[in-house]
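Per-entry structural report
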Amino acid sequence: MKKWLDKPSDREYTIMVVPHQEEDKSFSLCISMKTIKVAAVALSCCLAAGVATFANYRATMYTAKMEQQELAVLRANKELQDQKIAQLAKATAEVQEEMNKLTQLEGDVRRALNMEDNATSRSGVVRPGGERAGGQGGPGLLAVDQLLQQTVALKEELASREERLSDMRDDLSERNSRLAATPSIWPASGDVTSRFGWRNSPFGYGADWHPGIDIADSYGTPIIATADGVVVSAGWNGGYGLFVLIDHGYGLATAYGHHSELNVRAGQRVKKGDTIAYMGSTGASTGSHLHYEVRVNGRQVNPADFL
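In what follows, the accompanying structure is described. (Residues numbered from 1 in each chain as written. Predicted model: local features only at pLDDT ≥ 70, side-chain atom pairs only at ≥ 80, totals over all residues. Heavy atoms only, no water.)

1. Quick look at the side chain of His291
The condition is simple: To qualify as a helix, a DSSP run of H or I must reach at least 4 residues; to qualify as a strand, a run of E must reach at least 2; elements of each kind are numbered from the N terminus. For every residue, the accessible area (1.4 Å probe, protein chains only) is compared with the maximum for its type, and the residue is labelled buried under 20%, exposed over 50%, or partly exposed between those bounds. The criterion used for residue contact is that any of the two residues' heavy atoms lie within 4.5 Å.
Here His291 shows up in strand β13 (residues 289-296). Owing to a relative accessible area of 5%, His291 belongs among the buried residues under this scheme. Apart from the residues lying within four places of it in its own chain, the contact partners of His291 are His210, Pro211, Gly212, Ile213, Asp214, Tyr240, Ala255, Tyr256, Gly257 and His258.

What follows is the structure in structure tokens.
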């Protein structure tokens, strides 16, 4: 091609066409070198433009295909992310609902413990009282970062609430234990025939100090423990006759005397209301009755203060 283009432009070439049939005439075509060069250049340009156009088309189609695939992947990831966000938002809402229930429970426990409850949130905002309105609303789903921050805050709040409830549980357990260990019920049915303090001696001479109360009823009437505790002594004890001493802890103890029969032994743990003996008239006694004492740190006190 280069040799042709290098030839002088004024040269001409003749192309003769000779038909095979005799009746057809032959003819010739004269073409100048300049025309050939122009045609060659034009053809080369057309070919180059065509190749470039085809290559650009292929590249464009490939890019479009890749972008379409990437877009499909992004759409699938977005749908999956939207599902996860919806699930996270639902879980966060459920945790918040549990937090609200826990707040109500904490308030109930505080009131049960007679603790101060000013119905304020951690931020100091007073919670509204009275009838609750039915309105609800919100801006819709939160962003992932907001949900994560909210989840972290809820976890911290749950940990703090758990610690407070644990402390209140311990306080409640201690209170229940102390209440169970505090003599607070009557040890037997019957009539009070002698109270705590100075009295006329039932044996007919002078006055004496009575360190408990006497409750008279029929022989064999059940005697019950007035609080939880451990039996320290169960047996004969001089003027008390058949005698039971129960240690309740917290410096509290109760004593029961003049039984006809014992129903416990030393070292046995008893609960409030358990039958520990049966009424009788053993020891220094004028008839069937129970002598009942309450002792605080070893000192006999008036049982009426506990009944």
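Resuming the write-up.
2. Brief notes about the environment of Tyr256
Stated formally: Under this definition, polar contacts are N or O atom pairs within 3.5 Å; protein pairs additionally need one hydrogen-donor-capable and one acceptor-capable atom, and for neighbouring residues in sequence, both atoms have to be side-chain atoms.
Along the chain, the position of Tyr256 falls in strand β10 (residues 252-262). Residue classification places Tyr256 among the buried residues on the basis of a relative accessible area of 0%. Once the C-alpha coordinates of Tyr256 and Ile246 are considered, the two residues, 10 residues apart in sequence, prove to be 8.7 Å apart. Of the polar contacts made by the side chain of Tyr256, one reaches the side chain of Thr254; its length is 2.8 Å.

3. Some thoughts on the pairing of β13
The criterion, for reference: Whether two strands pair comes down to DSSP finding at least two bridges between them.
Summarising burial for β13: 7 of the 8 residues are buried, a large majority. Examined bridge by bridge, strand β6 (residues 213-216) and β13 share 4 bridges and lie antiparallel to one another. Across the sheet, residue Ile213 finds its bridge partner in β13, namely Tyr292. Sheet analysis places β10 next to β13, joined by 6 bridges and oriented antiparallel. If you follow Gly257 over to β13, its bridge partner there is His291. Bridge count between β13 and strand β14 (residues 299-301): 3 bridges; the pairing is antiparallel. By the bridge assignment, Arg295 is partnered in β14 with Gln300.

4. Concerning the nonpolar core
Stated precisely, the cut-off is as follows: Residues belong to one nonpolar core when they are buried, are Ala, Val, Leu, Ile, Met, Phe, Trp, Tyr or Cys, and are joined through side-chain atoms within 4.5 Å.
Within the largest apolar cluster, 18 residues are counted, with the highest numbers of intra-cluster contacts made by Ile223, Val244, Ile246, Tyr256, Val270, Ile276 and Leu290. The set of elements that each furnish at least two residues to this core consists of β6, β9 (242-249), β12 (275-279) and β13. Listed in part, the 5 residues of the second largest apolar core include Phe243, Leu245, Ala253 and Ala255.

5. Remarks on the pattern of salt bridges
Put simply, the rule is: Any Lys or Arg side-chain nitrogen located within 4 Å of an Asp or Glu carboxyl oxygen qualifies as a salt bridge.
Scanning the entire structure with this criterion turns up 5 salt bridges. For Arg169, the salt bridge goes to Asp170, with nearest N and O atoms at 3.9 Å. Linking Arg199 and Asp214 is a salt bridge whose minimum nitrogen-to-oxygen distance equals 3.3 Å. With Arg199 in strand β4 (residues 197-200) and Asp214 in strand β6, this residue pair connects regions lying 15 residues apart in the sequence. Here Asp214 falls in the buried class, since its relative accessible area comes to 8%. Within this structure, Arg199, Asp208 and Asp214 form a network of salt bridges that share partners.

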